[in-house]
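A closer look at the structure
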Amino acid sequence: MFDYVSRREVAEYKAYCSDVLNRLKMKLENEHDIRTYVTLIGSGAPNMVMRNGKGPFDLDYNLVLTFVPQEYEKSLKRLKNLIQGILDDLVDKRFTHGKDSTSSITYLAHARDRKTVVFSFDVALIREKGGQSKLVHDKKKDIFIWNQIRDSGDLDKKVAMIKKGGRWKNVRDDYWELKNMYLKMGDRDHPSFIVYIQAVNQVYHAMRKGN
């Protein structure tokens, strides 16, 4: 069953990831003339991180590329390999080297037994150019492409209205219920951020209806 991770435990890993990603940002800019900024996304941003039983939990980050030299624009595989290589050198010994996932780079932290995964974080590469696009590795064709990201709409405005109306606990409760509903269904097609948007929309529409 999914339940919320304590803010203290999440805060420790947030601080660690923030330090690693800030050092990545500086290395990319100073050594490769690649300019970026980092955003925490998904359930970590609104402090709604959950885990299944005693299992691991994760945090999701976007590394947003605001300028990339042509040599890397022409070879997106080289770009991703560069960033993954730097991150491999920056993470400590608790983490395995990065895994080239389809739409991110994944790092797993292990317990002292070196077998049990206790935490992971994903870094997606995002380009700001005529909107935002995510770097995706099509492994069947072994090609790297930019995929346009669907706009999540006026999510921030909805969140602000919900908090102003004193209904944020309703979002947390709905998020908890939805995560466990999908778990019971064996549904793996609803990542945390999608479920979070769903919970926000449910509460927002209930408020609009006066419920």
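Residues numbered from 1 in each chain as written. Predicted model: local features only at pLDDT ≥ 70, side-chain atom pairs only at ≥ 80, totals over all residues. Heavy atoms only, no water.

**A look at the overall build of the protein**
Rules: Secondary structure elements are taken from DSSP: a helix is a run of H or I of four residues or more, a strand is a run of E of two residues or more, and numbering for both begins at the N terminus. Just to be clear, the radius of gyration here is over C-alpha atoms, and the globule rule we use is 2.2 Å times residues to the power 0.38. Residue burial is assigned from relative accessible area. The probe radius is 1.4 Å, only protein chains are included, and a residue is buried under 20% of its type maximum, exposed over 50%, and partly exposed in between. Any two residues whose heavy atoms approach within 4.5 Å at even a single point are treated as in contact. The accessible surface values rely on the Shrake-Rupley method and a 1.4 Å probe; as for residues, cover is taken only from the protein chains in view. The sign given to each residue is positive for Lys and Arg and negative for Asp and Glu; His and the chain ends receive no count. By convention, the point assigned to a charge is CZ for Arg, NZ for Lys, CD for Glu and CG for Asp.
A count of helices and strands for the protein gives 6 helices and 9 strands. Taking 2.2 N^0.38 as the reference for a compact globule, 211 residues should give roughly 17 Å; the C-alpha atoms of the protein span a radius of gyration of 18 Å, in line with that estimate. For the protein, the C-alpha atoms occupy an extent of roughly 55 × 45 × 35 Å along the three principal directions. Out of the 211 residues belonging to the protein, those deemed buried represent 41%. Contacts in the protein between residues at least 24 apart in sequence constitute 61% of all its contacts with a sequence separation of at least 6. If you sum the accessible surface of the protein, you get close to 12300 Å²; carbon and sulfur atoms cover 49% of it. Of the side-chain charges in the protein, 38 are positive and 28 negative, and the distance between the mean point of each set is 3 Å.

**Regarding unusual backbone geometry**
A positive phi is found at D33, a non-glycine position, where the angle reads about 60 degrees. Note that D33 resides in the loop between helix 1 (7-32) and strand 2 (35-41). Positive phi is not limited to glycine here, since N47 has a value of about 55 degrees. Locating N47 in the fold gives a position in the loop between strand 2 and strand 3 (50-52).

**Overview of empty space enclosed by the protein**
Our working definition: A pocket, in this scheme, is an open set of points on a 1 Å grid over the protein atoms alone with protein on both sides within 12 Å along at least 5 of 7 lines, while a cavity is a set where a 1.4 Å probe fits but cannot get out; residues line either one if an atom lies within 4 Å of a point. Grid points are joined across faces, edges and corners, and a volume is the space filled by probe spheres set on the points.
Summed over all chains, the structure comprises 1 cavity of 30 Å³ or more. Reported here for the largest cavity is a volume of approximately 40 Å³. Around the largest cavity, the lining residues are V5, S6, R7, V10, N47, M48 and V49.

**Regarding the nonpolar core**
Considering soluble globular proteins, one finds that nonpolar side chains tend to be buried as a cluster. Spelled out, the test is: Side-chain atoms within 4.5 Å link the members of a nonpolar core, which is a set of buried Ala, Val, Leu, Ile, Met, Phe, Trp, Tyr and Cys residues.
By size, the foremost hydrophobic cluster in this structure holds 37 residues, and its most contacted members are L24, L79, I83, F119 and F121. Within the residue set of this core, elements represented by two or more residues are helix 1, strand 4 (57-67), helix 3 (76-90), strand 6 (105-110), strand 7 (117-128) and strand 9 (143-148). With residues near it in sequence (within four places) discarded, I83 still touches L24, L28, L63, L65, I105 and L125. Counting 18 residues, the second-largest nonpolar core is a separate cluster that includes L155, Y182, V195 and I197.

**Concerning the pairing of strand 6**
Keep this limit in mind: Pairing between two strands requires that DSSP report at least two bridges joining them.
In terms of residue burial, strand 6 counts as a mostly covered element, since 5 of its 6 residues are buried. Here strand 5 (residues 99-100) pairs with strand 6 via 2 bridges, running antiparallel. Bridging across to strand 6, K99 finds its partner in T106. Between the end of strand 5 and the start of strand 6, which pair antiparallel, lie 4 residues. When strand 6 meets strand 7, the two strands line up antiparallel, connected through 6 bridges.

**Examining the environment of T106**
As for its position among the elements, T106 is in strand 6. Taking the relative accessible area as the measure of exposure, T106 reaches 14% and is therefore buried. The spacing of T106 and D60 is 46 residues in sequence and 9.3 Å in space, taken between C-alpha atoms. Residues contacting T106, with those up to four places away along its chain left out, are H97, G98, K99, S101, F121 and D122.

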